[in-house]
Amino acid sequence: LTVTTFGESHGPAIGCVVDGCPPGIAIAPEDFRHDLERRATGRTRHTSQRHEADEVEILSGVYEGVTTGTPIALLIRNTDQRSKDYAKIADQFRPGHADYTYWQKYGIRDPRGGGRSSARETTMRVAAGVIAKKWLADRHGVQVQGWLSQIGEIVPHGFDLSAVENNPFFWPDTRQVTELELYMDALRKSGDSVGARVDVVATNVPPGWGEPIYGKLDGELAAALMSINAVKGVEIGDGFGVVAQKGSAHRDQMTPQGFASNHAGGILGGISTGQPLRCSVAFKPTSSLRLPIDSLDTHGNVAEVVTTGRHDPCVGIRATPICEAMVALVLMDQALRHRAQCGDVGEVTPRIPGNLGG
Ligand code: EPS
């Protein structure tokens with residue numbers, strides 16, 4: 001499975017091509033709506049106030065409601081670009097932003113918003129991920145679910161997965177929603193931004209997906225999640241927590257009833273174990289701030305940068321569906337690769353049933 005996206009934040013449209021998708025998957029434009037709404041800007045006061053409908057047009061690869069096996073092309077037209085906010089910083093580098101590295105690489109400046117480096121691009125990742133989620137659920141019963149597990153210093157007190165879709169923060173403890181609202185309101189008024197952490201779990205992943213050396217499942221997941229805008233860290237299983245662990249505590253005991261723990265995050269030797277797959281993703285605080293800072297312009301002169309416009313005080317808030325999409329796309333790719341090489345082999349005994357205690 002290959003996915004590529006195209007388009008700029010302030011161009012006429014953004015889109016993606018999903019190639020290698022099996023035929024026969026039922027897909028309609030309305031299937032994309034739920035996840036695109038979860039990711040969209042302007043739906044709550046805690047995110048960017050750019051208002052996009054994010055309506056998907058299916059241009060190819062689907063006939064009479066099902067995928068044909070040919071490349072699937074999806075398009076979303078941009079309707080709420082406001083490039084004037086960027087006119088005054090058109091030749092300035094926003095510290096912490098990709099402006100500078102795009103300039104060093106290409107020598108060309110596209111001053112229309114973040115252009116290609118804008119998080120607007122993640123819309124198409126979510127759209128592509130909808131197809132993968134559907135295929136994984138229909139064919140394998142795999143569910144991919146994420147939530148926000150930290151904003152700044154705030155962490156959930158309790159954990160209730162059913163709470164996640166019922167608040168604007170994808171937060172697993174509804175008792176903290178007021179605290180988060182107050183925190184975000186104060187942050188927004190201050191003009192600053194903050195980082196966040198998103199956790200994703202995929203359940204019912206069968207054992208055997210992933211390549212043992214090149215193309216390890218954890219390697220592919222890390223690369224896919226790290227390719228999301230603003231991501232600075234990815235953990236699988238206990239992640240950096242393993243540094244302080246003893247082997248006797250880390251190894252997941254195997255019993256006929258199931259694995260007794262899941263420190264590994266559902267992957268051993270780059271291959272899925274059948275346990276829930278656990279990933280955690282760190283998002284940096286948004287770099288586009290209205291707080292002034294000295295920077296440089298494209299001529300090397302010192303310039304004071306103030307970024308106005310419609311920005312997210314915490315990009316992590318909208319990132320849960322993006323992380324889910326990337327995990328789903330990697331899993332679908334690995335499932336197809338596994339089927340291509342091993343066919344139905346992979347269901348060997350003993351098969352350990354998931355995790356004890358979920
Ligand atoms: C973004 C800047 C803002 C955000 C945008 C990401 O847009 P604009 O260029 O219009 O100021 O609204 O996010 C989206 C439009 C989106 O759909 O996610 C940036 O610089 O990354």
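Computed from a predicted structure; not experimentally measured. (Residues numbered from 1 in each chain as written. Predicted model: local features only at pLDDT ≥ 70, side-chain atom pairs only at ≥ 80, totals over all residues.)

Participant: Before we move on, can you summarise the UniProt feature "binding site: NADP(+)" (unreviewed entry) in the protein chain with the specific residues and values?
Facilitator: Residues annotated in UniProt with the feature "binding site: NADP(+)" (unreviewed entry) correspond here to Arg-39 and Arg-45. By the secondary structure assignment, Arg-39 is in helix α1 (residues 33-39). The exposure class assigned to Arg-39 is buried, which follows from the 23 C-beta atoms found within 10 Å. Setting aside residues up to four positions removed in sequence, Arg-39 forms contacts with Thr-122, Thr-123, Val-126, Arg-318, Pro-321 and Ile-322. (UniProt positions renumbered as here; feature names shortened; annotations may be inferred. Helix = DSSP H or I, 4+ residues; strand = E, 2+ residues; numbered from the N terminus. Buried ≥ 20, exposed ≤ 12 C-beta atoms within 10 Å, placed from the backbone. Contact = placed C-beta atoms within 7 Å.)

Participant: Could you give an account of the site of the ligand, naming the residues involved and the relevant values?
Facilitator: Within the structure, the ligand sits among 16 residues, and Ser-48, Arg-50, Gly-113, Gly-114 and Ala-119 are positioned closest to it. Residues that form the shell around the ligand fall into these classes: one nonpolar, 10 polar and five charged. (Near = placed C-beta within 6 Å. Nonpolar A, V, L, I, M, F, W, Y, C, P; charged D, E, K, R; others polar.)

Participant: Which residues make up the pairing of strand β8 (residues 196-203), and what are the values?
Facilitator: Across a regular strand the side chains alternate sides, sitting on one face of the sheet and then on the other. Summarising burial for β8: six of the eight residues are buried, a large majority. Pairing of strand β7 (residues 143-151) with β8, which is carried by eight bridges, proceeds in the antiparallel orientation. What sits directly across from Val-144, in β8, is Ala-202. (Pairing = 2+ DSSP bridges.)

Participant: Tell me about the UniProt feature "binding site: FMN" (unreviewed entry) in the protein chain, and name the residues and values.
Facilitator: This chain's UniProt record puts "binding site: FMN" (unreviewed entry) on Arg-116, Ser-117, Ser-118, Asn-229, Ala-230, Gly-269, Lys-284, Pro-285, Thr-286, Ser-287, Ser-288 and Arg-310. Maximum C-alpha separation among the annotated residues is 43.7 Å over a sequence range of 195 residues, too wide for a single clustered spot. The topology assignment puts Arg-116 in the loop between α3 (99-106) and α4 (122-140). If sequence neighbours within four positions are ignored, Arg-116 has contacts with Glu-8 and Glu-121. Mapped onto the elements, Asn-229 comes out in the loop between α6 (217-226) and β9 (231-236). Once residues within four sequence positions are removed from consideration, Asn-229 is found in contact with Ala-119 and Thr-122.

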